[in-house]
Amino acid sequence: MSAHAYKKKNPIWDWLTTVDHKKIGILYLVSGAFFFLLGGLEAILLRVQLLYPEFDFVGAATFNQLLTMHGTTMIFLAAMPLIFGFMNAIIPLQIGARDVAFPFVNSLGFWLFSAGGILLNLGWFMGGAPDAGWTGYAPLSTTSPGNGVDFYVLGLQISGIGTLIGGINFLVTIINMRAPGMTFMRMPLFTWSSFITSGLILFAFPALTIGLALLMFDRLFGTQFFAAEAGGNPIIYEHLFWIFGHPEVYILVLPVFGMFSEIIATFARKRLFGYSAMVFATALIGFLGFMVWVHHMFTVGLGPIANSIFAVATMLIAVPTGVKIFNWLFTMWGGKVSFPTANLFAVGFIPSFVLGGMTGVMLSVPPADYQYHDSYFVVAHFHYVIVGGVVFGLFAGFYYWWPKIFGTMLNEFLGKLHFWLFFIGFHLTFFPMHFLGLMGMPRRVYTYLSGQSLDEANFAASIGAFLMGIATIIMVWNIIQTAIKGKKAGNDPWDGRTLEWAISSPAPEYNFAQTPLIRGLDAWWLEKRAGNKGMVPAEPLDDIHMPDASILPFIMSLGLFIAGLAAIYSMWVIAIGGLVLTVVGMVIRSVIDYHGYHIHKEDLPAEGGKGK
Amino acid sequence: MSTHESTEHVSEHDQSHLDIHHKIAHEKEFKQQIVSFIMMIFITMLAFVAVASDAISDSFTVIFIMILAGIQLVFQLYMFMHLSHKGHQYPAWGIFFGVFVAGTCVVALMGMIW
Amino acid sequence: MRAEEMSKLPANPERATLDGKNKFLGFWFFLGGETVLFASLFGVYLGLRNATNGGVTSNELFELPLVFIATMLLLTSSLTSVFATMALKTNHFKRMIGWFVVTALLGLAFLGLEIYEFNHYVHEYGHTMQSSAWGSAFYTLVGTHGAHVTAGIIWIALLIFRNMRRGMDLYTAPKFYLFALYWHFIDVVWIFIFTVVYLMGKVG
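Now for a quick tour of the structure. What you see is a predicted model; the values in this text were computed from it and never measured. (Residues numbered from 1 in each chain as written. Chains lettered and ligands numbered in written order. Predicted model: local features only at pLDDT ≥ 70, side-chain atom pairs only at ≥ 80, totals over all residues. Heavy atoms only, no water.)

1. Some points on the packing of aromatic side chains
Residue and element names in this part refer to chain A.
Piece 1. All chains considered together, the criterion is met by 97 aromatic pairs over all chains.
Piece 2. Between F76 and F244, the ring centres sit 5.9 Å apart and the planes meet at 15°, which makes this aromatic pair stacked. On the criterion of sequence distance, the pair formed by F76 in helix α4 (residues 59-94) and F244 in helix α9 (residues 234-268) is long-range, its members being 168 residues apart. Like F244, F76 is buried.
Piece 3. Sitting over the face of the ring of W525, R529 holds its NZ or CZ atom 4.0 Å from the ring centroid. (Phe/Tyr/Trp six-rings, centres within 6.5 Å; stacked < 30°, edge-to-face > 60°. Helix = DSSP H or I, 4+ residues; strand = E, 2+ residues; numbered from the N terminus. Buried < 20%, exposed > 50% of the residue type's maximum accessible area, 1.4 Å probe, protein only. Lys NZ or Arg CZ within 6 Å of the ring centre and 35° of its normal.)

Dropping the structure here:
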């Protein structure tokens, strides 16, 4: 065997072919961070354009492309992969598994996502980025000239397939791969919420797939789905988009709710208050998430009955969300709370997110929504939810799990500077937007007139955006510093509660030399309280089976990338060639047996000797 | 999963005993499948006849054939796809939540447009 | 050795290994997602079924005998793939392959009918994807189903070709079992297509 383990691997080849969930997690995190910076840059440019009334910085056409790409990039190419990155890096460790259920599919999911992400952004260099808004509403998107929207349609389609198979992978992983004793009601909340999120991905993404496919047919093949003049109906697109789009909001926010639950409990040094209520609330939010999409379409004119039903369903979601907020507060109550950067973001999240939730309830009232609709009030609302919720959560998770993923400690001073600048910048940017919206400033318009009391608030918002930009640069600086001369992290730097802190940082290739026996909620904390140095093994030390690395996921994704790019320019021969490449990859995967290999037990480090 | 683990540890004698049980179970299943198939053919014909004949009103026909399709769905899932068998609780969750979302989709796209 | 192993295959060989269990569950979840995918197309179809743009209507276009034959072909193929699954569970490899071959042939016949039908509509009636929103919805929904049938036929052909000489074991059983599930799912979709598209199209 040892030939395999000791064979020197070319690092680039290794990263291209890896099926190790920890490495795929890092790939997701790195590419997600890249797109986050890109989306952030787009946001800064938007705010420069809006710095002064009638300012001419980028102009209307570029502004439309920037706002479309900012939204699309942040949702699909930054938040989603960052969440998948954490899911990959952490969930198998939290449930005591050696790997995910489908390592090959996992790698395919990543490469499909990155192929789609790159394709989507190629528009910038090939005649104009998409400019029909991140929702791509027809008929604006079907009639948008140039190829911009084609990049949107095909890029999202390809990355969406990657997300879908990733979701299935995590559903099966969490159901089938849990260590002995890890019952559902002993799973850490990050795992729980990722489980629910994976379910939402599975059932929500197909609607987007169809919406995008129909859009593609209308644009490339001259079908009439959304062309009202030929009997088509653009409202169908809105339904399809939001049947996907609303669950998508919960797909983003539920995993970070899980992260907060763990971070707050860890730094309060108390078990999570109301664990089962948290699980139930998460499931309920996931379920209700499928029945509220029409609140994005209140002004479409579906009639008072439809609007009322969906308004009530929307308001209902405030209940489980409120349960969660109170549980976090009660977890801190009476705890020995400490505030490293991770917990600062977690605690800063609570008031920020509550504000976003409040405006959400305001928006859920249809008559009021007719006033707020398409104004900056909506922009303020969803940024409070997505930045105040998702981005704060991703930052919190980033500071919390960095030691486990990379084995070093981030600089806490720079981290705290990052938090405070970002926190202040965030509120400075988005709080005034509520009032801009109430004063009637429409969203998605590239400028505004002076003398309408809009100047000061817009100026403040732009300054806030710059502060967030500086904060992000500090974070990048922190990462670079840590990569160069970061202090080594121990196995358990935060005195953690869950299983991932029981093994070395970073985790070895096989995660657990022996599958651990789980004896309760907060498994690692229980063992520590019982005076044990490590987890109790559930099996004797034995050879460990590992999956084979493969280049096929990369090749299959490359095939779809080529097919997508060629389809945009109607070069059908090349497009079919790309598809054939993908299918050939699938056939090879199906025909050749992959038996994996074994790490022999003699080559495993002695028990207890894993720590640094 | 549990069936497999329990069969793995039984003795030779029990194994043959189990095999006989399996055989009987399979013969029973075979009959059930044939009956299901005949039922499905019958239901399909019923649907076509209902549409082809002028005796039944249009609005009733639509409801009638939709119910028939629903029955066929149940036959496929429970008989042909063995959803009733042991170890299918997660698949059942998956498919039925899918059906639920599918239902909302269809209602929205069909009814909530103008 | 292999023969000995074979006689001892457990009652549900498709789920006897962790790998098989994962595939089994993952595939069922995939089918759950496919349900939503097809439901979206059905919804689009129902929303646009009267949007004929002044062209031919469904009542003028569809011919029930053709649809009936296609339905019988696919229903029968569902039965033959059930027989194949039963052969799989009782460890009769040859019999299983036989039934899967019949299944694939029936699928091919169905596909032939569908191609004939589309060709007929386009050339005799000028009913195309571009002619009306209803046309777009019709070809997308029925065509997506046809694409699934095609993929299924390629899949089973590949499985049979690859595993013909290998026989049944705990590694191949899940592969065949999943195909059977997929094929039943395609049949379920067809049940709703003949009901919602063709029969309701005749009713008006």
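2. Re the interface of chain C and chain B
Piece 1. On the chain B side, the residues contacting the 51 residues of chain C number 50 residues.
Piece 2. Between chain C and chain B, the buried area comes to about 4,400 Å², and carbon and sulfur atoms account for 81% of it.
Piece 3. Among the residues chain C hides against chain B, the three largest losses belong to C:W28, C:M86 and C:V203. Together they make up 15% of the total.
Piece 4. Where chain C meets chain B, there are zero salt bridges. (Contact = heavy atoms within 4.5 Å. Buried area = accessible area lost by both parts, 1.4 Å probe. Salt bridge = Lys/Arg side-chain N within 4 Å of Asp/Glu carboxyl O.)

3. Some remarks on the environment of A:Q371
Piece 1. Take A:Q371: it is sitting in helix α13 (residues 366-372).
Piece 2. Remark: the alpha-carbon pair of A:Q371 and A:T299, spanning 72 residues in sequence, is separated by 9.7 Å.

4. A look at the side chain of A:S194
Piece 1. The topology assignment puts A:S194 in helix α8 (residues 189-221).
Piece 2. Judged by its relative accessible area of 0%, A:S194 is buried.

5. Examining the side chain of C:T140
Piece 1. Positionally, C:T140 belongs in helix α6 (residues 133-163).
Piece 2. Within polar-contact distance, the side chain of C:T140 engages the backbone oxygen of C:S136 at 2.6 Å.
Piece 3. Beyond its immediate chain neighbours, meaning those up to four positions away, C:T140 contacts A:L214, A:F217, A:F225, C:L41 and C:M129. (Polar contact = N/O pair within 3.5 Å; in protein donor to acceptor, adjacent residues only side chain to side chain.)

6. What to know about the packing of helix α12 (residues 341-363) of chain A against helix α14 (residues 376-406) of chain A
Residues and elements named next belong to chain A.
Piece 1. Put simply, α12 and α14 touch, their axes get as near as 8 Å, and they point 160° apart. Here α12 lies roughly antiparallel to α14, going by the angle between them. In this structure, α12 meets α14 at a crossing whose hand is left-handed.
Piece 2. Residue composition of the contact of α12 with α14, grouped by class: 17 nonpolar, nine polar and no charged. (Axes fitted to C-alpha atoms, helices over the stretch in contact; angles between N-to-C directions. Parallel < 35°, antiparallel > 145°, perpendicular 65-115°, else oblique. Left-handed = near helix turned anticlockwise from the far one by under 90°. Nonpolar A, V, L, I, M, F, W, Y, C, P; charged D, E, K, R; others polar.)

7. Overview of the interface of chain A and chain C
Piece 1. The interface of chain A with chain C comprises 33 residues on the first partner and 30 residues on the second.
Piece 2. For the pair chain A and chain C, the summed buried surface comes to about 2,700 Å²; carbon and sulfur atoms form 71% of the total.
Piece 3. At the surface where chain A touches chain C, the tally comes to two salt bridges.
Piece 4. For the pair chain A and chain C, the interface holds nine residue pairs in polar contact (both at pLDDT 80 or more).
Piece 5. Secondary-structure elements contributing two or more residues to the side of chain A that touches chain C are α7 (148-176), α8, α9 and α19 (572-591) of chain A.
Piece 6. Looking at the side of chain A that touches chain C, the element that brings in the most residues is α8(A), giving nine residues.

8. Things to note about the pattern of salt bridges
A side chain of one charge can pair with a side chain of the opposite charge if their charged atoms are brought near each other.
Residue and element names in this part refer to chain A.
Piece 1. Here the structure, examined in full by the defined rule, presents 15 salt bridges over all chains.
Piece 2. For E527, the salt bridge goes to R519, with nearest N and O atoms at 2.9 Å.
Piece 3. What makes E527 buried here is its relative accessible area of 2%.
Piece 4. A single salt-bridge network, built from bridges that share partners, covers R269, D492, D495 and K528.

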